[in-house]
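Spelled out, the chains give:
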Amino acid sequence: MAITLNRGYMGLLAGTVVGLTTNIEQNLIAQGLASAAASKANITPGNVTYNGIQGSVAIAAGANSVTITNALIDANTKITANIAQAAADGTLTSLPRIVPAAGSVTIYGNANATAAVIVDWSIVAAPGLTVAN
């Protein structure tokens, strides 16, 4: 599922369509801070600021990357990402590079997208450790 934020949340602007964990989405809807969006296909493309441990973003048509600004990330953070749509873009078909830096991560596709491409991402905890949400 995806939600439309009625108010800003953890760096995301009101009106943004985002994909978060099911628990967070349900809580935001219950509090009136968000409403259900039709699907992840409605996620607002482009760079985002979000300080959670996982979510969904969209690489915009004409672009080959998306940057997530996140205070939990540094250059050593392990991040996973995958294209999260059944009918993926015909040109941007893989995510060959994920580059964390101090306060952000940039996820690169193999080509410029011809349509928005939905990407699920997650911070990976080292074995035996947990990541606070």
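Residues numbered from 1 in each chain as written. Predicted model: local features only at pLDDT ≥ 70, side-chain atom pairs only at ≥ 80, totals over all residues. Heavy atoms only, no water.

How do you make sense of the packing of aromatic side chains when you look at a structure like this?
Both the distance between ring centres and the angle between the ring planes are used here to describe each pair of aromatic rings. On inspection of all chains with the given rule, the structure shows 2 aromatic pairs. With a centroid separation of 6.5 Å and 35° between ring planes, the pair formed by Tyr9 and Tyr50 is classed as tilted. Taken together, the residues Tyr9 in the loop between strand 1 (2-5) and strand 2 (17-18) and Tyr50 in the loop between strand 4 (48-49) and strand 5 (54-59) connect sequence positions 41 residues apart. Tyr50 gets classed as buried once you look at its relative accessible area, which sits at 3%. (Phe/Tyr/Trp six-rings, centres within 6.5 Å; stacked < 30°, edge-to-face > 60°. Helix = DSSP H or I, 4+ residues; strand = E, 2+ residues; numbered from the N terminus. Buried < 20%, exposed > 50% of the residue type's maximum accessible area, 1.4 Å probe, protein only.)

Even after reading the chapter, I still don't get the sheet that holds strand 3 (residues 34-37), so can you show me in this structure?
Strand pairing in a sheet relies on backbone hydrogen bonds, with the paired strands running either antiparallel or parallel. Read from one edge of the open sheet, 3 strands run 2-1-3, paired in antiparallel fashion. Bordering the open sheet on either side are strand 2 and strand 3, each of which pairs with just one other strand. Both strand 1 and strand 2 contribute to a ladder of 2 bridges, which runs antiparallel. The partner of Ile3 across the bridge, within strand 2, is Val18. On top of the sheet, helix 1 (residues 22-30) reaches strand 1, strand 2 and strand 3; it is set at about 40° to strand 1, its chief contact. (Pairing = 2+ DSSP bridges. Contact = heavy atoms within 4.5 Å. Axes fitted to C-alpha atoms, helices over the stretch in contact; angles between N-to-C directions.)

So what exactly am I meant to see when it comes to unusual backbone geometry here?
Where the residue is not glycine, phi is negative for most of them; where a peptide bond is considered, it is trans in most cases. For Met10, which is not a glycine, the phi torsion comes out positive at approximately 45°. For Met10, the position within the fold is in the loop between strand 1 and strand 2. With a relative accessible area of 32%, Met10 lands in the partly exposed category.

Help me understand the pairing of strand 10 (residues 117-124), please; the structure alone is not making it clear to me.
Within a regular strand, side chains alternate between the sheet's two faces. The buried count for strand 10 comes to 6 of 8 residues, which makes it a mostly enclosed element. As paired strands, strand 5 and strand 10 are joined by 6 bridges and run antiparallel to one another. The residue bridging Gly55 from the neighbouring strand is Trp121, located in strand 10. With 6 bridges joining them, strand 7 (residues 78-83) and strand 10 adopt antiparallel strand pairing. Across the sheet, the residue bridging to Lys78 is Val124, located in strand 10.

Would you mind going over the pairing of strand 6 (residues 65-69) with me for this structure?
When strand 4 meets strand 6, the two strands line up parallel, connected through 2 bridges. The residue bridging Thr49 from the neighbouring strand is Thr69, located in strand 6. Relative to strand 9 (residues 104-108), strand 6 is paired through 5 bridges, and the arrangement is antiparallel. Across the sheet, the residue bridging to Val66 is Ile107, located in strand 9.

Help me understand the confidence of the model for the protein in this model?
Close reading of the predicted structure is inappropriate where its pLDDT is low. Model confidence for the protein is summarised by a mean pLDDT of 88, while 92% of its residues fall at 70 or above. Mean pLDDT values for the elements of the protein range from 84 in strand 2 up to 98 in strand 9. (pLDDT = per-residue confidence, 0-100.)

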